[in-house]
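The lines below spell out each chain.
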Amino acid sequence: MTDELVLTLTVNGRPVTARGGAHLTLLRWLRDVVHVTDPKYGCGEGICGACTVLVDGEPVSSCILLAAQVTGSSVVTASGLSNEDGSPSLLQRAFHAHHAAQCGFCTPGMIVAAAALLAEGGNRSRTELREALHGNLCRCTGYGPILDAIEAAYAEGGEAGVG
Ligand code: FES
Ligand code: FES
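Heads up: these notes are all about the structure in this document. (Residues numbered from 1 in each chain as written. Chains lettered and ligands numbered in written order. Predicted model: local features only at pLDDT ≥ 70, side-chain atom pairs only at ≥ 80, totals over all residues. Heavy atoms only, no water.)

## A word on the overall build of the chain
Reasoning step 1: Helices and strands together make up the secondary structure of the chain, namely five helices and five strands.
Reasoning step 2: Order of helices (α) and strands (β) in the chain, N terminus to C terminus: β-β-α-β-β-β-α-α-α-α.
Reasoning step 3: Scaling as 2.2 N^0.38, a compact globule of 163 residues should have a C-alpha radius of gyration of about 15 Å, and the chain matches this with 16 Å.
Reasoning step 4: Its C-alpha atoms give the chain principal-axis dimensions of about 55 × 30 × 25 Å.
Reasoning step 5: When burial is assessed residue by residue, the chain has 43% of its 163 residues classed as buried.
Reasoning step 6: Sequence separation of at least 24 residues holds for 54% of the intrachain contacts in the chain that already meet a minimum separation of 6.
Reasoning step 7: When the accessible surface of the chain is split by element, carbon and sulfur atoms take 52% of a total near 8200 Å². (Helix = DSSP H or I, 4+ residues; strand = E, 2+ residues; numbered from the N terminus. Rg over C-alpha atoms; globule rule 2.2 N^0.38 Å. Buried < 20%, exposed > 50% of the residue type's maximum accessible area, 1.4 Å probe, protein only. Contact = heavy atoms within 4.5 Å. Areas by Shrake-Rupley, 256 points an atom, 1.4 Å probe, with all protein chains shown as cover.)

## A look at helix H1 (residues 26-33)
Reasoning step 1: Restricting attention to buried positions, one finds in H1 the residues Leu26, Leu27, Trp29 and Leu30.
Reasoning step 2: In this fold, the buried residues of H1 make contact with strand E1 (4-11), strand E2 (14-21), strand E3 (52-55) and strand E5 (74-76).

## Re the environment of Ala155
Reasoning step 1: Locating Ala155 in the fold gives a position in helix H5 (residues 144-157).
Reasoning step 2: The spacing of Ala155 and Leu91 is 64 residues in sequence and 11 Å in space, taken between C-alpha atoms.

## Overview of the pairing of E2
Reasoning step 1: For E1 and E2, the ladder comprises eight bridges, and the chain directions are antiparallel. In the sheet register, Leu9 faces E2, and the bridge partner there is Val16.
Reasoning step 2: Between E1 and E2, which follow one another and run antiparallel, lie two residues, and Asn12 among them has a positive phi close to 50°. (Pairing = 2+ DSSP bridges.)

## Side note on the nonpolar core
Reasoning step 1: Ranked by internal contacts, the top residues of the largest apolar core, which has 27 residues, are Leu91, Phe95, Ile146 and Ile150.
Reasoning step 2: The set of elements that each furnish at least two residues to this core consists of helix H2 (90-97), helix H3 (107-120) and H5.
Reasoning step 3: At nine residues, the largest contribution of residues to this core is made by H3.
Reasoning step 4: In this view, Ile150 contacts Leu91, Phe95, Ala114, Leu118, Leu129 and Leu133; residues no more than four positions away in its chain are not counted.
Reasoning step 5: Formed by 16 residues, the second largest nonpolar core is a distinct cluster that contains Leu26, Val36, Leu65 and Val75. (Core = buried A, V, L, I, M, F, W, Y, C linked by side-chain atoms within 4.5 Å.)

## Here's the deal with unusual backbone geometry
Reasoning step 1: With a phi angle near 65°, His35 is a residue other than glycine that sits in the positive phi range.
Reasoning step 2: Secondary-structure assignment places His35 in the loop between H1 and E3.

## Points about H5
Reasoning step 1: Spanning 14 residues, H5 covers 20 Å between terminal C-alpha atoms, matching the ideal 20 Å at 1.5 Å per step.
Reasoning step 2: Turning to H5, the residues buried within the fold contact H2, H3 and helix H4 (126-132). (Expected span 1.5 Å × (residues − 1).)

## A short note on the pattern of salt bridges
Reasoning step 1: Under the definition given, this model contains four salt bridges.
Reasoning step 2: Measuring nitrogen to oxygen at the nearest pair gives 3.8 Å for the salt bridge that ties Asp32 to Arg28. On the criterion of helical spacing, the pair formed by Asp32 and Arg28 is a turn pair, its members being four residues apart in helix H1.
Reasoning step 3: By relative accessible area, which is 44% here, Asp32 ends up partly exposed. (Salt bridge = Lys/Arg side-chain N within 4 Å of Asp/Glu carboxyl O.)

## A few points about the side chain of Thr141
Reasoning step 1: Tracing the backbone through its elements, the reader meets Thr141 in the loop between H4 and H5.
Reasoning step 2: Of note is the side chain of Thr141, whose polar atom sits 3.0 Å from the backbone nitrogen of Tyr143.
Reasoning step 3: Those residues in contact with Thr141 that lie beyond four places of it in its chain are Ala100, Gln102 and Ile146. (Polar contact = N/O pair within 3.5 Å; in protein donor to acceptor, adjacent residues only side chain to side chain.)

Here is the structure:
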């Protein structure tokens, strides 16, 4: 008996059908099977946020979700948030402009989490932003530049900051 399954998901707008073990996490399926490597393996326990991706528009920790649980879904990673022509989105440009990445390990998950916040619309205070991102840990920046970048994206484009 084999635990191999054929999974079909849309990854960053591209339909993908690929084999995956029944016990393979979405993070491992993305990185090792589909070779989409921007989501990172940090804690593996749903705590650090490095593996955050959007599943049908909702931010999730892909390290604690089985790929088989979300077959048929649409998955978007940080690289999938770029503009259609491949140029960086407003949010991605803001991260660059505000030096919101140092080692960069947290950055893909941080950008996905921030994009989900921007997509919700509204206007969050700095404190609210900090609280909303409590599930995404950064060991390098002290969070200030990350919050600066997100605030700049809000100011410039609001919800359109995602695109
Ligand atoms: S690697 Fe998934 S939350 Fe840390
Ligand atoms: S930039 Fe290094 S962990 Fe955030």
